[in-house]
Each structure stands twice: as C-alpha cells, then as structure tokens.
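Results of the structural survey
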Amino acid sequence: MKRDIETRADIHRIVTEFYQKMLADERVAFLFTDVARIDVPEHVEKVTGFWNDVLFAAGDYHGNPMQVHWLLNGQSPLQHTHFDLWLQYFTQTIAALFEGDNAARMQQRALSIATMMRVKMLTQPLNKQDNTAR
Ligand code: HEM
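About the criteria used
Residues numbered from 1 in each chain as written. Predicted model: local features only at pLDDT ≥ 70, side-chain atom pairs only at ≥ 80, totals over all residues. Helix = DSSP H or I, 4+ residues; strand = E, 2+ residues; numbered from the N terminus. Rg over C-alpha atoms; globule rule 2.2 N^0.38 Å. Buried ≥ 20, exposed ≤ 12 C-beta atoms within 10 Å, placed from the backbone. Contact = placed C-beta atoms within 7 Å. Near = placed C-beta within 6 Å. Nonpolar A, V, L, I, M, F, W, Y, C, P; charged D, E, K, R; others polar. UniProt positions renumbered as here; feature names shortened; annotations may be inferred. Expected span 1.5 Å × (residues − 1). Arc of directions from axis to C-beta. Core = buried A, V, L, I, M, F, W, Y, C linked by C-beta atoms within 7 Å.

Quick notes on the overall build of the protein
A tally of helices and strands in the protein yields seven helices and zero strands. Put simply, the protein runs from its N terminus to its C terminus through helices and strands in the order α-α-α-α-α-α-α. Expected size for 134 residues packed as a compact globule is a radius of gyration near 14 Å; at 16 Å, the protein falls within 12% of this value. Dimensions of the protein, computed from the C-alpha atoms along their principal axes, are close to 55 × 30 × 25 Å. In the protein, which comprises 134 residues, the share counted as buried stands at 16%. In the protein, the share of contacts with a sequence separation of at least 24, taken over all contacts with a separation of at least 6, comes to 73%.

As structure tokens, then:
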C-alpha cells in the first residue's frame, strides 16, 4: 500500500517527476524552456516550496503565482490543452506515488487553482471586451 505525503522531500519527489513529464511533452515544454527559460532545479525548489506552504503552512514560499502566470500568458497565451496536460500529469504523478488525506488535498487544491487560473486566463479577452463596452 502507498503511504501519504508527509514531508517536503515527498513533495520534492512529486514536483521533480511532474516536471520530467511536462518537459518531455513538447506540447507544453516550450513554455518552460523557450518562453520562460526556467532553470529547472531552481524552479523545482520554488514550486516545492509553494506546495509545502499549501499543504503544511510551512512559510516556504513568498511569491505570487497568479501574477507569474499572467506574465507568461502575455508572452504566449495559455490554452485549454496546456491546462489539461498540466492537470493530467500532476494528478497522475501524485496518484502513482502517494495515497491518503494529504495526497487527496494536493489533488483538490491543484484542481481548484488550475481551474481558477484557466478561467482567468482564457476569459481575459472577453472581460476586456466587456469593459470597453461599458
Ligand atoms: C497551463 C498550465 C500551466 C503552465 C503551462 C505553467 C507554466 C509555468 C511556468 C513556465 C512557470 C515559470 C514562470 C517564470 O519563472 O517565468 C511557472 C511557475 C509556477 N507555476 Fe505554473 N503553470 C501552469 C499551471 C500552474 C498551476 C495550476 C499551478 C498551481 C496549482 C502552478 C504553480 C506554479 C508556481 C508555484 C510557479 C512559481 C511561481 C514563482 O515564480 O513564484 N502552475 N508555471
């Protein structure tokens, strides 16, 4: 039986394997390598800190993910496929490695943040139109 997510090291393992999948898929990898030009180990640390904060209130992340993704979206518009792949790989990675309340919480938070982000990014032109119409 699988165990639950308990430590930062567990999260680090999930994030590492998740990025291996994302970076191996050219439909989404270019956003990291060509558009944002991330340093992979540094990025994995940052995202691990984010989830350590979400799951364990660790005070391990001080940033603004929504703003970071707005900037990214401005450079290269995010599409449904990108969100679908993100969720698919994230969900699969957690489920393959862990099981329990924290694993379930991580799945739920990933879905809710990704959904919120998707709605914001993909309805932006519509909102702009609405604003100019008023
Ligand atoms: C379409 C889906 C997504 C794509 C393509 C994507 C891509 C990226 C990229 C390229 C960066 C690096 C940006 C930079 O450093 O300039 C980034 C940062 C980050 N992403 Fe995402 N992302 C997606 C969804 C999400 C979701 C749903 C979450 C959280 C649940 C998330 C969490 C983060 C975090 C925490 C960072 C680091 C932010 C910081 O620098 O403080 N991402 N993402």
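Let us keep going from here.
A short note on the site of the ligand
Taken together, 21 residues form the shell around the ligand, and within it Phe50, Gly63, His82, Ile113 and Ala114 come nearest. Sorting the residues of the shell around the ligand by element identifies α2 (26-35), α3 (40-56), α4 (65-75), α5 (80-97) and α6 (101-122) as the ones contributing at least two each. The class makeup of the residues in the shell around the ligand is 17 nonpolar, three polar and one charged.

Section: the UniProt feature "binding site: heme" (unreviewed entry) in the protein
UniProt's feature table lists "binding site: heme" (unreviewed entry) at His69, given in the numbering used throughout. Note that His69 resides in helix α4. Judged by C-beta crowding, with 16 C-beta atoms within 10 Å, His69 ranks as partly exposed. Apart from the residues within four sequence positions on either side, His69 is in contact with Met117 and Met121.

As for the environment of Arg13
Mapped onto the elements, Arg13 comes out in helix α1 (residues 8-23). Note: C-alpha distance between Arg13 and Ala58 (45 residues apart in sequence) is 17 Å.

Quick look at α1
Helix length check: α1, at 16 residues, gives a terminal C-alpha distance of 22 Å against a target of 22 Å (1.5 Å per residue), a fit within 8%. Restricting attention to buried positions, one finds in α1 the residues Asp10, Ile11, Ile14, Val15, Phe18 and Tyr19. The arc that holds the buried residues of α1, viewed along the axis, is 165°, so those residues lie on one side.

What about the nonpolar core?
Counting 14 residues, the largest nonpolar core has Val15 and Ile94 as its most contacted members. Secondary structure elements with two or more residues in this core: α1, α3, α5 and α6. Per element, the largest residue contribution to this core is five residues, and it comes from α1. Among all residues touching Ile94, those that are not within four sequence positions of it are Ile14, Ala103, Met106 and Gln107.

Things to note about unusual backbone geometry
A positive phi angle, near 50°, is found at Arg37, a position not held by glycine. Along the chain, the position of Arg37 falls in the loop between α2 and α3. A count of 7 C-beta atoms within 10 Å places Arg37 in the exposed class. Even without a glycine there, the phi angle at Ala57 is positive, about 45°. Residue placement: Ala57 occurs in the loop between α3 and α4.

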